[in-house]
Every structure is written in C-alpha cells, then in structure tokens.
Amino acid sequence: MKKVWQHAFIRWSLGLLVSLTIGFLTGRVFLCLFLFVLIVLCSNLHQLYQFHSWIRRSGKSLPPEASGIWGDVFDAVHRLQKKQRKSKKRMRRALSRIENSTSALKEGVIMADNLGNLEWWNESAGQFLGLMKPVDRGQPITNIVRSPEFFRYFTQKRFSDPLIIKSPKSKGMYLEIQTTLYDKNDHLIFIRDITNLHLLEEMRKDFVANASHELKTPLTVIKGYLETLDMFKDTLPKSMQKGVVNMTEQSDRMEQLIEDLLLLSRLESNDKRETDQWHDVHELIRAIVNSVQVIGKDHTLQIDMQSDSKLYGSYKELYSAFSNLVVNAIKYSPNGGNIIITWKANSKEGVFSVQDEGLGIEARHISRLTERFFRVDKGRGSNTGGTGLGLAIVKHVLLHHDAKLDITSQVGNGSTFSCHFATARIQQPLIHST
Ligand SMILES: Nc1ncnc2c1ncn2[C@@H]1O[C@H](COP(=O)(O)OP(=O)(O)O)[C@@H](O)[C@H]1O
Ligand SMILES: [Mg+2]
C-alpha cells in the first residue's frame, strides 16, 4: 500500500483510539465516536470543496495546498493536466506545420466529407476554384465546380483517371483534378494547373490537323496526274509502268493515312461532333458488311444478331470504329476463315464484337494496340496497307460513347475485339402485347 494511505490509516486509528478513550473516561462513547466521524467527514468535505473549485477554474492555477491523500490526488491531477497541455501544444504545432506546408503548395488541396461538402482547402485550391472562406465552407463541391463532366466524375466516383476541366474562376486556365477516398469515404482532392501542357497538346493537335489538311491538295494533284499516266500506261516503257502502279498504291496509302489523321483530330477536338441519335445496329452492321465484301471475298462473314436493341451515338463514328474492327479481322486472317460479327445486349451492357480465326496477337502486344502507329509486325502493316491508326480511332470513338474495348487473342487461333456499351446507350425494342 502507498505511504500516504498508511499514514492516513495511522492517523484515523489514532483519532479513533483517542475518541474511544475520552468516551470511556467521560462515559459518552457514542457521542465521542460521532464527533470523530463528523470531524473526519468535514475535513474531507472541505478538501473536496477546494478540489472542485480548483477544477472549475480549469485547473490552470497551482493546486490548493493539501496534505495526505488529498495532496497526492491534487498533485497527480496537476501532473496529468500539465502532460496533456504539453501534448496538445505539440499536436497544434504539428498541425499548423502541415497546414503551412500545404498552404505553400502550388497544387490545390481540398478536403471534403463523404458527401462532397467542403471542409478545408489551401490557398491554391481557393485561387483555382474561386473559393471563399468561410462562405463556401460546408458547400457541396458540385455547387462550386458547375460543369457536367465534373458532376458525372464526382457523383459516379470515376476517380481512377484524372479529370481535366476549365477553371470556373480564371478564363483560359485548365485544371487537372485527381480525387482519393480516405477514412470514411471522405474526399481528398488534388488540383493542378495544366494550362501550359494543355496549350502544347492543342498545338500538337492543330499541327497534325493543319499538316494533314495541307497535304491533301498536293496529293490530289499527284493522284490526278497518276490517273492520267495510268490511262496511257500501254504507251509507257515497262519500267515506268511498274513505277506508275507502285506510285498509285503508295498515294492511295498516303490518302488513307491523311483521312485517318484528320478523322483522329476531329475525334480529339471534341467540337463539331454530330449529335448522338438512336441507331439500328443491324442496319449499321449490314452496311459495313456490304462495304467490305470486296476485300473479304475469301472469308465467311456471319452476322449474329442476339438483340434488336438500338444504340445511341454518332452514326459516322460508330461506322468507322466497327468497320475498322471488321476490316482488321479480314486483313489479319490471310487464310480466310469465319468472321463472326455479334451484337448482344442484356440488362448490364450492350456488346458489339468481331471474332476472327486469323493470325492472333501475342499477349504482350495487346495493351499497346490502341497506340497510334503501333503495329505488331511493321512489315505486316505495310503489306496490308494499314496505317496503324485504326484502333486508335476505335479507342477515341468508344471514349465518346462511354464504352470500353476488350481484346482477347491467341496466336494462330484468332482474336475477338469487343466494344462494351453502358445500358444508358442501349434501347431495348418495345414488346407489343397482342
Ligand atoms: N484482328 C486482328 N488480328 C490480328 N492482329 C490484329 C487484329 N487487329 C489489329 N491487329 C494488330 O493491331 C495493329 C493495329 O491495328 P490498327 O490500329 O487497326 O492498324 P492497321 O492500320 O495496321 O490495321 C495491326 O497492325 C495488327 O498488327
Ligand atoms: Mg486497322
């Protein structure tokens, strides 16, 4: 037992003994005992009163003088308070260091709760989005950044890829937004000013579009002369005849390349897109199959319509994406074989797929197929007259249609390219009851 308790017991025992002795001597044992208990109670009540008043004064002053158990209690509480105050100070210092360092960041940082209500942001974020303290604290972020892309990105929690938006505050500024969920699905949002990068990217796109456009006119002139030369082919020496055929082939390829580059830059520029509409997928597939009959004469083209549902999108874009896949299936199945074009739709998605029995692709190449100018076999590409832009076009078209490309392939056994569309773009046929 601690010393203070031993002393207290000794004091109480002595007190009890003295009051009992006086009680026996005076013949008033109960009165003396009662007086003893009363004195002990009063002294404890007095200490309790002092303790209470000290604690009520938030315990910042020195504890009242006291001896024995109460003195020990006062000291222990005082020590605990001092320790707590110290660790509070340390935490406050650490917090203000974190706050100061994030305030100094060039990147914007925002903390929002699980519903997206703003809790805290640094200076850069405030400047990027025009946030004002304390007015905007507690406001939903979708009220501040009023763009449909951001609304979709935030409410549908599409946080796997960063989002690029125009700054709602500064004209001409482009922002990249990246969101991470933490703790109880609270949002930690990073914002980066990517205006310069964006301008460079725009310059690149403009350059490709302008260069392709400018190349069209001289190519048309060259092709015109080649056609004239072709008409008088028989009058030309043999070596020249071969040259004319070769030049015609190469200028056709160049024309295709320019067409593909122009289509890609139109897809990238996002504006001037034709408005989306509902399209009959069966008709679309039939039109594609008709147009590839000539190059696919050694192949069996099968259409497998598992659904009559319609697809919402741009006819031109869907046509070029789907026909690219069908042409690829023909081009990369040099030994002919079956090509199955399927359209199916269920409650979760709509899938357009093209399955061939051709050369197939090694697994290591699959993730790179949609890169511009990527060809599994460079030689193979030039033999087949491909530009290497087809799948890049497919990827962009699918991006415009909230769809994903899925590729499965086995070398020697063939490949399947599937486009997966979200249900919002699928319209099931109306069933008429009779
Ligand atoms: N169905 C397929 N079977 C085998 N390889 C394919 C198929 N589709 C595409 N590829 C490969 O992917 C590459 C890129 O395709 P694409 O972008 O359409 O360019 P290309 O103009 O060469 O057809 C092709 O060069 C080819 O190597
Ligand atoms: Mg292609």
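Residues numbered from 1 in each chain as written. Chains lettered and ligands numbered in written order. Predicted model: local features only at pLDDT ≥ 70, side-chain atom pairs only at ≥ 80, totals over all residues.

A. Focus on the site of ligand 1. Residues in close proximity to ligand 1 total 22 residues, the closest being Tyr-332, Val-376, Gly-386, Gly-390 and Leu-391. Among the elements of the structure, α10 (315-331), α12 (378-384) and α13 (390-400) are those that each provide at least two residues to the shell around ligand 1. A total of 3 residues in the shell around ligand 1 trace back to one element, the largest contributor, which is α10. Residue composition of the shell around ligand 1, grouped by class: 9 nonpolar, 9 polar and 4 charged. (Near = placed C-beta within 6 Å. Helix = DSSP H or I, 4+ residues; strand = E, 2+ residues; numbered from the N terminus. Nonpolar A, V, L, I, M, F, W, Y, C, P; charged D, E, K, R; others polar.)

B. Region of interest: the domain arrangement of the protein. Domain parsing of the protein yields domain 1 (3-95), domain 2 (105-193), domain 3 (197-269) and domain 4 (277-427). Placing the centre of domain 1 and that of domain 4 at their C-alpha centroids yields a distance of 87 Å. (Domains from an automatic or database assignment.)

C. Structural detail: the nonpolar core. Counting residues in each nonpolar core, the largest one holds 37 residues, and the members touching the most others are Ala-321, Phe-322, Leu-325, Val-326 and Ile-393. For this core, the secondary-structure elements that each account for two or more residues are α8 (238-269), α9 (281-291), α10, β9 (337-345), β10 (349-355), α13 and β12 (414-422). Ranked by residue count, the leading element in this core is α10, at 8 residues. Each of domain 3 (197-269) and domain 4 (277-427) gives at least three residues to this core. Sequence-distant contacts of Phe-322, defined by excluding residues within four places in its chain, comprise Leu-284, Ile-288 and Phe-352. By size, the runner-up hydrophobic cluster in this structure holds 16 residues, among which are Phe-128, Leu-129, Leu-131 and Ile-189. (Core = buried A, V, L, I, M, F, W, Y, C linked by C-beta atoms within 7 Å. Buried ≥ 20, exposed ≤ 12 C-beta atoms within 10 Å, placed from the backbone. Contact = placed C-beta atoms within 7 Å.)

D. Just the sheet that holds strand β1 (residues 108-112), in detail. Taken in spatial order, the 5 strands line up as β2-β1-β5-β4-β3 in an open sheet, and their pairing is antiparallel. Edge positions in the sheet fall to β2 (118-121) and β3 (163-166), since each has one partner strand and no second. Pairs of neighbouring strands in the sheet enclose a mean axial angle of 30°, with direction left out of account. When strand β4 (residues 174-182) meets strand β5 (residues 186-193), the two strands line up antiparallel, connected through 8 bridges. What sits directly across from Leu-181, in β5, is His-187. (Pairing = 2+ DSSP bridges. Axes fitted to C-alpha atoms, helices over the stretch in contact; angles between N-to-C directions.)

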